[in-house]
Amino acid sequence: MSTLEWEARLGPEGRRGAAKAAPRRTHSRLTDPLFRWFVTACGAAVAVAMVALSAVLIASSWRAITTLGLEPLRTIPWSPTGGEYGALTSLFGTFVTTVIAMVIAVPLALAIALLLVEVVHPALGRVVGTTIEMLAAIPSIIFGMWGIFVIVPLMQQYVQPWIQATPLGRLGLFSGPPLGIGVFTAGVVLALMVLPFITAVSRDVLKMVPTVVKEAGYGMGSTTFEVMSKISARYALTGIAGAVFLGLGRALGETMAVTFLIGSDFNTLPRSLFDPGTSISSTLANTFNEATDPLHVSALVELGLILFLITMVFQLVAQLWLARARRMSGTRA
Amino acid sequence: MIGRRKTVTVAALLAAVALVALAVGGCGSKTGSGGRPADTIVGAGASFPFPLYSKWGEEYNAQKGIKLNYQSIGSGGGISAIEAGTVDFGASDAPLEASELDAQSLVQFPMCVGGVVPVVNIEGVGSGALKLDAATLADIYAGGITKWDDPAIKALNPGLSLPASDIAAVHRSDSSGTTWIFTSYLTAAAGDVWTLGANKEIDWPTGVGGKGNEGVAASVQQVSGSIGYVEYAYAKQNGMDWVQLQNKDGKFVEPSLESFAEAAAIADWQKTPGFAVVLVDQAGAATWPITGASFILMQKENSDAARITNALDFFAWAYRTGGSTAKELDYVPIPDSVYSLVEDQLWSQIQAGGAPAWKK
Amino acid sequence: MSAPARNDTAGAARDVGAAIAAKPMRARSVARRRLVDRLVTGSAWAAASLGVFIMGWIVVTVVVRGAGAINWAFFTELPPGPGGEGGGLANCIVGTLVITGVAAAMGIPVGFFGAVYLAEFGRTGRVATAIRTITNVVLGVPSIIAGMFAFAILVRPLQHYSGFAGSFALAFIMLPVMTRTAEDVLNLVPNDLREAALAIGAPRWRATLGVVVRSARGGLITGTILAVVRVSGETAPLLFTALSSPYWMDSLFGSGGFFGGPTANLTKTVYDYATSPYGNWQNLAWGGALLIIVAVLGMNVLARLLFQRGKEWH
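Residues numbered from 1 in each chain as written. Chains lettered and ligands numbered in written order. Predicted model: local features only at pLDDT ≥ 70, side-chain atom pairs only at ≥ 80, totals over all residues.

## A closer look at the overall build of chain C
Using the following cut-off: Think of it this way: any DSSP run of H or I at least four residues long counts as a helix, any run of E at least two long counts as a strand, and we number them from the N terminus. Our radius of gyration is a C-alpha quantity, and the globule rule it is checked against amounts to 2.2 Å times the number of residues to the power 0.38. Contacts here follow a simple rule: the backbone-placed C-beta atoms of the two residues must lie within 7 Å.
Per the secondary structure count, chain C includes 12 helices and 0 strands. Traced from its N-terminal end to its C-terminal end, chain C shows the element sequence α-α-α-α-α-α-α-α-α-α-α-α. The globule rule puts the C-alpha radius of gyration for 314 residues at 20 Å, and the 26 Å found for chain C is more than 25% above it. Overall size of chain C, expressed as C-alpha extent along the three principal axes, is 75 × 65 × 35 Å. A separation threshold of at least 6 residues defines the contact pool for chain C, and within that pool the share at least 24 residues apart is 71%.

## Considering the overall build of chain B
The following threshold applies: Residues with at least 20 neighbouring C-beta atoms inside 10 Å of their own are called buried, those with 12 or fewer are called exposed, and the rest are partly exposed, where every C-beta is derived from the backbone.
Summing up its helical and strand segments, chain B has 13 helices and 16 strands in all. Looking at the 360 residues of chain B, the share that counts as buried comes to 53%. A separation of at least 24 residues holds for 72% of the contacts in chain B among residues at least 6 apart in sequence.

## Side note on the environment of Trp-162 of chain A
Residues and elements named next belong to chain A. By the element assignment, Trp-162 lies in helix H7 (residues 140–165). The exposure class of Trp-162 is partly exposed, given the 13 C-beta atoms found within 10 Å. Through-space distance from the C-alpha of Trp-162 to that of Gly-304 is 37 Å; in sequence the pair is 142 residues apart.

## Notes on the confidence of the model for chain C
If pLDDT is low for a region, its predicted coordinates should not be looked at in detail. Here is the rule: A score from 0 to 100, pLDDT tells how confident the predictor is in each residue.
Taken over all residues, the pLDDT of chain C has a mean of 86, while the share at 70 or more is 92%. Per the prediction output, this complex has pTM 0.86; the corresponding ipTM is 0.86.

## Quick notes on the pairing of strand S6 (residues 168–172) of chain B
All names here are of chain B. This is how the line gets drawn: Pairing between strands is defined by DSSP: at least two bridges between them are needed.
Most of S6 is tucked away: 5 of the 5 residues are buried. Inspection of the sheet shows S6 paired to strand S8 (residues 226–231) by 2 bridges, in the parallel sense. Following the sheet pairing, Ala-168 is matched in S8 by Ser-226. Where S6 meets strand S7 (residues 208–210), 3 bridges bridge the pair, whose relative direction is parallel. Opposite Arg-172, over in S7, you have Gly-210 as the bridge partner.

## Focus: the environment of Thr-211 of chain A
As for its placement among the helices and strands, Thr-211 of chain A is situated in helix H9 (residues 211–219). Put simply, Thr-211 of chain A and Ser-232 of chain A are 21 residues apart on the chain and 9.6 Å apart in space, counted from C-alpha to C-alpha.

## With respect to the sheet that holds strand S11 (residues 252–253) of chain B
Residues and elements named next belong to chain B. Pairing is mixed across the open sheet formed by 3 strands, whose spatial order is S5-S10-S11. The sheet is open, and its two borders are formed by strand S5 (131–132) and S11, each paired with just one other strand. In the sheet, strand S10 (residues 244–246) pairs with S11 via 2 bridges, with the strands oriented antiparallel. Each residue of the ladder has a partner; that of Gln-246, found in S11, is Phe-252.

## What to know about the domain arrangement of chain B
Think of interface size as the accessible area that goes away when the parts come together; that is how it is often given. Residues and elements named next belong to chain B. Formally: Domain extents, as shown, originate in an automatic or database domain assignment. Charged means Asp, Glu, Lys or Arg here, nonpolar means Ala, Val, Leu, Ile, Met, Phe, Trp, Tyr, Cys or Pro, and polar covers whatever is left, Gly included.
Taken as a whole, chain B is organised into domain 1 (10–114 + 292–356) and domain 2 (115–268). Here the C-alpha centre of domain 2 lies 30 Å away from the C-alpha centre of domain 1. Contact residues are listed per partner, giving 20 residues for domain 1 and 23 residues for domain 2. Contributing elements (two or more residues each) for the side of domain 1 that touches domain 2: helix H2 (50–64), helix H3 (75–84) and strand S4 (106–121). Ranked by residues supplied to the side of domain 1 that touches domain 2, first place goes to H3 with 3 residues. Each residue belonging to the side of domain 1 that touches domain 2 can be placed in one class, and the counts come to 8 nonpolar, 9 polar and 3 charged.

## Considering the nonpolar core
Quick reminder of the rule: By our criterion, buried Ala, Val, Leu, Ile, Met, Phe, Trp, Tyr and Cys residues that link up through C-beta atoms within 7 Å make up a nonpolar core.
If you look at the biggest cluster of nonpolar residues, it comprises 307 residues, and the most contacted ones within it are Ile-112 and Ile-142 of chain A together with Met-174 of chain C. Here this core spans two domains, since at least three of its residues come from each of domain 1 (10–114 + 292–356) and domain 2 (115–268) of chain B. Sequence-distant contacts of Ile-112 of chain A, defined by excluding residues within four places in its chain, comprise Ile-132 and Thr-199 of chain A together with Ala-44, Ala-47, Ala-48 and Gly-51 of chain C.

## Looking at the sheet that holds strand S15 (residues 351–352) of chain B
Residue and element names in this part refer to chain B. Pairing in this open sheet of 3 strands is mixed, and the strands run S13-S15-S16 from one edge to the other. Each edge of the open sheet is held by one strand with a lone partner, namely strand S13 (301–302) and strand S16 (355–356). Bridge analysis of S13 against S15 gives 2 bridges, and the strand direction is parallel. Residue pairing across strands places Asn-302 opposite Ala-352, the latter belonging to S15.

## Remarks on the interface of chain A and chain C
Contact with chain A, which involves 77 residues of that partner, is made by 77 residues of chain C. Counted by class, the side of chain A that touches chain C contains 51 nonpolar, 22 polar and 4 charged residues.

## What to know about the packing of helix H13 (residues 294–328) of chain A against helix H5 (residues 126–139) of chain C
The cut-off we apply is this: Axes here refer to lines fitted to C-alpha atoms; in helices the fit is confined to the stretch in contact. Angles between the N-to-C directions go from 0 to 180 degrees. Every angle not falling under 35 degrees, over 145, or within 65 to 115 is termed oblique; those three ranges are roughly parallel, roughly antiparallel and roughly perpendicular. It is the rotation of the near helix from the far one that decides the hand of a crossing: anticlockwise by less than a right angle makes it left-handed, clockwise makes it right-handed.
Running from N to C, H13 of chain A and H5 of chain C cross one another at 130 degrees; their axes reach a closest spacing of 9 Å. Taken as axis vectors, H13 of chain A and H5 of chain C run oblique relative to one another. Regarding H13 of chain A and H5 of chain C, the two cross each other, and that crossing is right-handed. Across the interface between the two elements, Met-312, Gln-315, Leu-316 and Gln-319 of chain A of H13 of chain A pack against Thr-133, Asn-136 and Val-137 of chain C of H5 of chain C. When its residues are assigned to classes, the contact of H13 of chain A with H5 of chain C shows 3 nonpolar, 4 polar and no charged.

Structure representation (structure tokens):
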């Protein structure tokens, strides 16, 4: 139908409305490509930022990379005024706190996700789910303050001595003076910080399991746990792996809470979980501002680059797995 | 209308931001050269004198309206900052050698003398109750003594009941002049036990790190059974428990303004190049063994005359009238004779924009 | 065995049956299976309770310790010196508002239009998928690295710290958050609306901005609030950029100004004061923490309520 015929059918108000809405063709020929170019540019901004960040990190750490080579990855004392750049303490601390956090958080998160998806009444599930998500919203610095003023004394006076009194205490892993602050406390608080992320993503992934299959399981008399572990898990495994990796990435980069709690020991590797240590992010937080020797600054940026690369790898893997999980369940990837 | 509500919201937000910017900009005070307000003196460095500089800054602001913005980032940071030129003055408790001063074209002058004090957090032990000497203190930090009821500590404290708990030795995690003073003392008085040298940063074999004097004090407050070393003002202002130390004469002394002044009295300011006196482990029945001076560093060549003159005015005021405030916080003020030397010999070397910045 | 497609009921039943046939079930007692199930479900309840308990513990701690610091002086006075009495965090509150506001002005529009690109023009293209992946990756960049980025571009070349550098770091963090949230919201708008707008001849930009965005505006506002809230509690990006200051921002470009020097802000100041030994400063830090947590959690709840209302519309 031509525009004229269409307008004839509209009647007077309709014609006025149509006249207002009908644009002049000259406009869209210019503005549409402009608009498209503009939003594409905005979309590309994040890519540009990413490239810029990578370039800046590499350029600023170049001096350290070429001067120090692999020394930071192999040696221990981090004493830049003495010319020593052993990053092993930072790397080790990041690794250990992350492992502790994951060991504690992943089982808890999966259990809570199971609860929210399978067991609990939807209304209660919403409340519990929202509360856990709020935990994710609490800023890191508050976790740090709560950690050092409330948890550390508890750790020092009750939890750590208690652990040492049990058979676990005979392991070298739990030896050493109970200081309260240290790698263990930092890992525990870190676990509480990544818990909500893993829970939320796992819950979404578990929700994507087709109800039909679960009902088939229930119909045969499986218990909730069996449905979860034998049926849902098969569907959700890739997605849950993605969730875990997301949490991992988050734990690796966490700064403030860890800085409060880890004890700032740059020069000795923690021999036990109760020892103080340092992580990449807390080394950066503690020392970056006071460094002006160019090699020192460059070495610190190199630490940042290492952290950036590790988190990027984990993020990419997590994205891959989550995309695959979404594809398998039929949702748009 | 298409998107009118959104346009209005955006316009309102922009207007708000613009208003804030105008208000903030409109409150700008008198500017020095280059459009930067000259009524703020920017300094950074040692946390050792921070309580004093902060108090001085408040009083000076009340009297003259000029603000002091001092960032307590540690002596190492202060040295770096002034060498990079990002501040008007740097502060360090570890004096620079004459050669480095020349190489970096800096002047260095002392501003106050204070005492580094071991503080403890032990159940049942009050302030001044615990007695230590250089060897035990060194051994604690070297990791040789790990429990409070160690025989070496008990030998010095026969009447005191010490718990059988672990020692947490808190040290500085940042580059620190206080560490330099403390380890200079350990090296001088217990060189056979303390082998890690005297430096702003040490490869501590054990213990927990705290950032700045503030961080060490906070850590000692938080960790039961800990020991740390802080400038006396931090211990006093926060009601912490300090330790009696055995000085060179074999007497056990408590930290106090008098014991710091005794140590400061031996300083030969005139003869020491760069005023870099070392006051640790001095003779005298009442001297505090870990006393040290804190220094100001300034560039010889500067661009902004107004700011440098403001800074020097502040230091002159501190030298001439800040003594009583210093004593209130248990810092020993620098003698007038030294001030004259500093003014004549050093401040004449400070240039700004080609001309000397300081007129008497 | 790979997971089958979503609605393949028959296939699913076949697979379950095959699994049973392949591994014949051992004659485990029903009681034992039920015990295992109860144990696991019980621990799941315990885990959930733990999560809720921790949340409550943190909030209660902050409220109890911070409430004593909140008074009129807290909102109007400048911070005291070390060991001083009284004072407040007025300049820090204003500073955080300004820094976050400027960051939002930079990050929200770019993030929003980027989401428009992804939702309108880039549903399936390779470029769009790449941008989506990069957005997700940037979401995961540690905030301290964002601070380092801002330091390298804005602090080191200009040789001074600035509040603006802090805003830049926060905008970097905000950008992918806004893009992701906005894209999700825009995707919820049914295609019919888009097609209707285009059918009556509206140009692309009008169809998108006037119709699609308008109908999604509840969700977009939510997304903005969430992005702003996410960065307002961040400390690490401000460590090397805005630092903090005990004074009011007194100009734009001067050494006490937003672009010219360290700018007071709540999070860095709370960090400095919480790690100090001074009782008064620690008290102020708790007050600041209370303010932060009220703002963050309050905005979160607000955003959720708005989003619920927005969702009902669809």
